Amino acid sequence: MNVSYPLFTIAITGFFFSAQAGVWIRINQAGYAPERNKTAIVLSDTDIAGQIWNLKKNDATVLSGKIPAGKPGDNIFAAQAFTYTIDFSKLKEKGDYALEVPGAQTQQVLIKDDPYSLFATQTLMHLRAMRSKHSGDSAAIVHKVKGDWRQGAWQEGVPHKTVDMQGGHYDAGDYIKFTLNEAYLAWHLLSAYVENPSLFVKVQSTSNLPDILDEAKYSLDYLLKTFPDENTFVIQVGDSKDHEQGWRLPEMDALNGKRPALCALSRVHMGSTAAALALGANVFKNLDANSATKYREKAKAIYARARQSDTQTSAFERNVINDFYFDQTDEDNMALAAAELGDLKAYAPPAASEVSWSDWNAFANYRLAEQGDEAAKSRLLLEAKRYERENIWNLPGDYVWGSLHRWIGMANVHLRAQRLQGKELSLPFLGVLDYVFGRNNWGIAMLASANLPYSIRNVYNGIYRLTKVFPTGALSEGPGDKATHLEMQKYFTIPKNNSFEKFNTNAGVFYDNADDFMIQESTIGGQGDLLLMLALASAKNLSPKADPGTVPRRTQR
Ligand SMILES: [Ca+2]
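Note that the coordinates shown come from a computational prediction; the quantities given were computed from them, not determined experimentally.

Draft legend 1. Main features of the nonpolar core. Phe200, Leu220, Phe284, Phe437 and Leu534 are the most contacted members of the largest nonpolar core, which has 128 residues in total. Here this core spans two domains, since at least three of its residues come from each of domain 1 (22–111) and domain 2 (117–442 + 523–534). Every residue in contact with Phe284, bar those within four places of it in the chain, is listed here: Leu190, Leu209, Leu213, Lys217, Leu220, Ala289, Ala292 and Tyr295. Core analysis: the next-biggest nonpolar cluster, separate from the first, contains 21 residues, Val42, Leu91, Val101 and Ile111 among them.

Structure (C-alpha cells):
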C-alpha cells in the first residue's frame, strides 16, 4: 500500500495531464496579402519543437517545416507552457490552404489580394447602427459648468435655452454623445478614406457617397452644431442619468427630450472638433463644395475662439463612468487643429506613450511631419519606438480597459511612422492586425462577423440585445487587465466552465459575454481605429464588390 499509493497518484496525474494537454494554432482568419510577412502562433502544453507542420492545398503539401525552438510561456502574454512561431511568408501564391500541426485542430489559411474590404464594410455597418435616434436632442437643454470646471459639476443655464444637437453617434453601449469621441471618429474615418479610397464601397449609404464618407459626413454635420454661438460649445449630450435607466431602445427612452447639452469653451473639445472639420473640408472639397465650405468656416471659427484667453483646458462630467473620458491635455488636440488648418508653428505636442481619445499627440506630430516639420517627425519616431515590445504577439502596449482599441491606435502610429522613413513592414502593426482577426490567445476574431470562422458573437449594447440582431461589425475592446476585471466582476457574471479560461493569463483575460462592459463594449473610437488600420493594411488598387457579407439574425446570446 505504501508503495502503490504514490504510483497510483502518478498514474492519475499523468492521465489527467495527457487528457488536458493540448496544441492550438492561432492565425489571422481574414487572410494574408501575398507579399506580407505571414506567421501563425502555436500554443502548447508540452514541448513539440522538432515536429513537422504542413501547409496543404487540396491535400497536397505546398510548404512544410519543423516546429522551431519555442519560447516558454510567461503567463502574461500566453498561458500555455510553450509558444512557437511558424513562418510561412515564403508562400505567396493566392489560395485556400490548411495548416496542420500534430495534435492541433487544422486551421484554414487564406492568401488573397483583398482580405479586408468586407470587414471595413461591416465595421461601418455597426457605426450606422449607432447613429442617434433621440429626436428630442433637437432641443437639448443647455447646461453650464457649476463652480470650478475641474470638479466636473453642471447645472442648467439661466435663462433656459436649448440647442439643436440632433444627430451624431452613441459612443458605446449607452446613449451618450461625447463631442471628443465624435471628433475622434470623424478624423479617423476621413484619414482612412484619404489613406486608401479603393477599400471602401457603397452598401448602406443612401447618398452618392461610399459608406465611409456617408458616415463621415453624418459625423461632420453633427460637429457643425457644437458651436452655435460665440460663447457656447457643446462637449456632451446626455449625462450620467443615461446609466440609471434599464435596457431600452433609444426610441423608447424616457430621457428623450430631456437630455442636457453640456456646454463649455474647452480647448480639448474645440481643438478636436476643429481638426475633424478642417480635414473634412479638404476631403469634401471636390465632392460637395457647399459642405466643404461650411466645414472650413466652422473649423476656423472654432479654432480662433479656442485660442482666446477666456477658454479652459478641458471639461468633463464627474461620474464613476463618464469621467473615464476626461482628457486633461489640450496641446495635442489643438496641435492637430493647427496642423489641419495649416497653422504649423502654433503647437509642438510632446511624444506620448499612449494613443487614445485623450492622447492625440501622434496624430498631430504625424500631420506636422507630413508637412515638413522635422522636430515633429522626431517626436513621432520616438513615440513609435515605444510601441516595439518583446512578446509573442508583437503587442505594442499593456493590458488595460479597452486594450485592443489602444493597441490598434499604437499600431497605426507605428506603421505611419515607418512609412515616413520609407519602410513598409511594421511588426507591431501586423501583430495587432492579426490579433484582431484571431491570432491571439483565444483564437477568436475580435470583430463580430458571420464571415469569419470563429468570431465574437456578443457585445454589451442595448440595441442588439433588444432587437436580437447579430452585432455585425462591432469590435471588442479586447482582453482586459485581470486586476481591473476582478474589481468589475460584481457587475456581471462569468459563465462557468468557460472555454476561454485556459487561455487567460495572470495579466489578461477575455470572455465573449454580452454583460461584460469591460471587454465587449464597442466604442465609436475603436471602430474608427480599426477602419484606419484596414485602410493602412490594404493594397491601394482594389475594386471590391458592394457586399455586406452574411448578416444573420441572432440565434443565441
Ligand atoms: Ca489631449
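Don't stop here, the text continues.
Draft legend 2. How the structure looks around the side chain of Ser291. By the secondary structure assignment, Ser291 is in helix H6 (residues 289–306). A polar atom in the side chain of Ser291 sits 2.7 Å from the side chain of Asp288.

Draft legend 3. Expanded view of the sheet that holds strand E6 (residues 82–87). Spatially, the four strands line up as an open sheet ordered E1-E2-E6-E5, and their pairing is antiparallel. Looking at strand neighbours, the two that pair on one side only are strand E1 (23–26) and strand E5 (71–72), the edges of this open sheet.

Draft legend 4. Inspection of the sheet that holds strand E8 (residues 107–111) at higher detail. In spatial order, the strands read E4-E3-E7-E8; together these four strands make up an open sheet with antiparallel pairing. Strand pairing shows two members of the sheet lacking a second neighbour, strand E4 (60–66) and E8, which therefore form its edges. When strand polarity is set aside, the average angle formed by the axes of neighbouring strands in this sheet is 25°. Strand direction decides the pairing type here: strand E7 (residues 95–100) and E8, joined by five bridges, are antiparallel. Bridged to Ala98 within E8 is Gln108.

Draft legend 5. Up close: the coordination of the calcium ion. With distances of 2.4 to 2.6 Å, the protein atoms coordinating the calcium ion are Asp327 (OD), Asp327 (OD), Thr329 (O), Thr329 (OG1), Asp332 (OD), Asp332 (OD), Asn333 (OD1) and Ser358 (O). Motif for the calcium ion, donor spacing along one chain: D-x1-T-x2-D-N-x24-S. The exposure classification of Asp327 matches that of Asp332, with both residues buried.

Draft legend 6. The pattern of salt bridges, seen in detail. Scanning the entire structure with this criterion turns up 35 salt bridges. The partner of Lys56 in a salt bridge is Glu100, with the nearest N and O atoms 3.1 Å apart. Here Lys56, found in strand E3 (residues 52–57), pairs with Glu100, found in strand E7; they are 44 residues apart in sequence, far enough to count as distant. One salt-bridge network, held together by shared partners, links Asp137, Lys177, Asp242, Arg248, Asp253 and Arg259.

Draft legend 7. How the structure looks around the domain arrangement of the protein. For the protein, the domain assignment lists domain 1 (22–111) and domain 2 (117–442 + 523–534). On the domain 2 side, the residues contacting the 20 residues of domain 1 number 18 residues. Contact between domain 1 and domain 2 buries roughly 1,500 Å² in total, counting both sides, with carbon and sulfur atoms accounting for 57%. Between the two partners, domain 1 and domain 2, sit two salt bridges. One salt bridge connects Asp434 with Arg36, and the closest N-O pair in it is separated by 2.7 Å. Taken together, the links from domain 1 to domain 2 amount to ten residue pairs in polar contact (both at pLDDT 80 or more). Counting residues per element, the side of domain 1 that touches domain 2 draws most heavily on strand E2 (residues 39–44), which supplies four residues. A breakdown of the residues in the side of domain 1 that touches domain 2 according to their chemical character gives eleven nonpolar, six polar and three charged.

Draft legend 8. View of the side chain of Ser266. Take Ser266: it is sitting in the loop between strand E14 (260–263) and helix H5 (267–284). Note on Ser266: relative accessible area 0%, which makes it buried. Setting aside residues up to four positions removed in sequence, Ser266 forms contacts with Ile235, Gln312, Thr313, Ser314 and Ala315.

Draft legend 9. Looking closely at helix H3 (residues 179–195). In a regular helix each residue adds 1.5 Å, so 17 residues correspond to 24 Å; H3 covers 24 Å between its end C-alpha atoms and thus fits that length. With 16 of its 17 residues buried, H3 lies for the most part within the structure.

Draft legend 10. Region of the structure containing the confidence of the model for the protein. Within the protein, residue pLDDT values average 94, and 96% of them lie at 70 or more. Confidence drops under pLDDT 50 across residues 1–19; counting only partners more than four residues distant or on other chains, this segment forms two contacts.

Draft legend 11. Just unusual backbone geometry, in detail. A cis geometry characterises the amide bond from Val158 onward to Pro159, with omega recorded as 0°. Structurally, Pro159 can be placed in the loop between strand E10 (154–156) and strand E11 (162–163). A positive phi angle, near 60°, is found at Lys468, a position not held by glycine. Topologically, Lys468 is positioned in the loop between helix H12 (462–467) and strand E15 (480–481). Of the residues examined, Lys468 reaches a relative accessible area of 46% and is grouped as partly exposed.

About the criteria used
Residues numbered from 1 in each chain as written. Predicted model: local features only at pLDDT ≥ 70, side-chain atom pairs only at ≥ 80, totals over all residues. Heavy atoms only, no water. Core = buried A, V, L, I, M, F, W, Y, C linked by side-chain atoms within 4.5 Å. Buried < 20%, exposed > 50% of the residue type's maximum accessible area, 1.4 Å probe, protein only. Domains from an automatic or database assignment. Contact = heavy atoms within 4.5 Å. Helix = DSSP H or I, 4+ residues; strand = E, 2+ residues; numbered from the N terminus. Polar contact = N/O pair within 3.5 Å; in protein donor to acceptor, adjacent residues only side chain to side chain. Pairing = 2+ DSSP bridges. Axes fitted to C-alpha atoms, helices over the stretch in contact; angles between N-to-C directions. Donors = N, O, S within 2.8 Å, 3.2 Å for Na, K, Ca; no water. Salt bridge = Lys/Arg side-chain N within 4 Å of Asp/Glu carboxyl O. Buried area = accessible area lost by both parts, 1.4 Å probe. Nonpolar A, V, L, I, M, F, W, Y, C, P; charged D, E, K, R; others polar. Expected span 1.5 Å × (residues − 1). pLDDT = per-residue confidence, 0-100.

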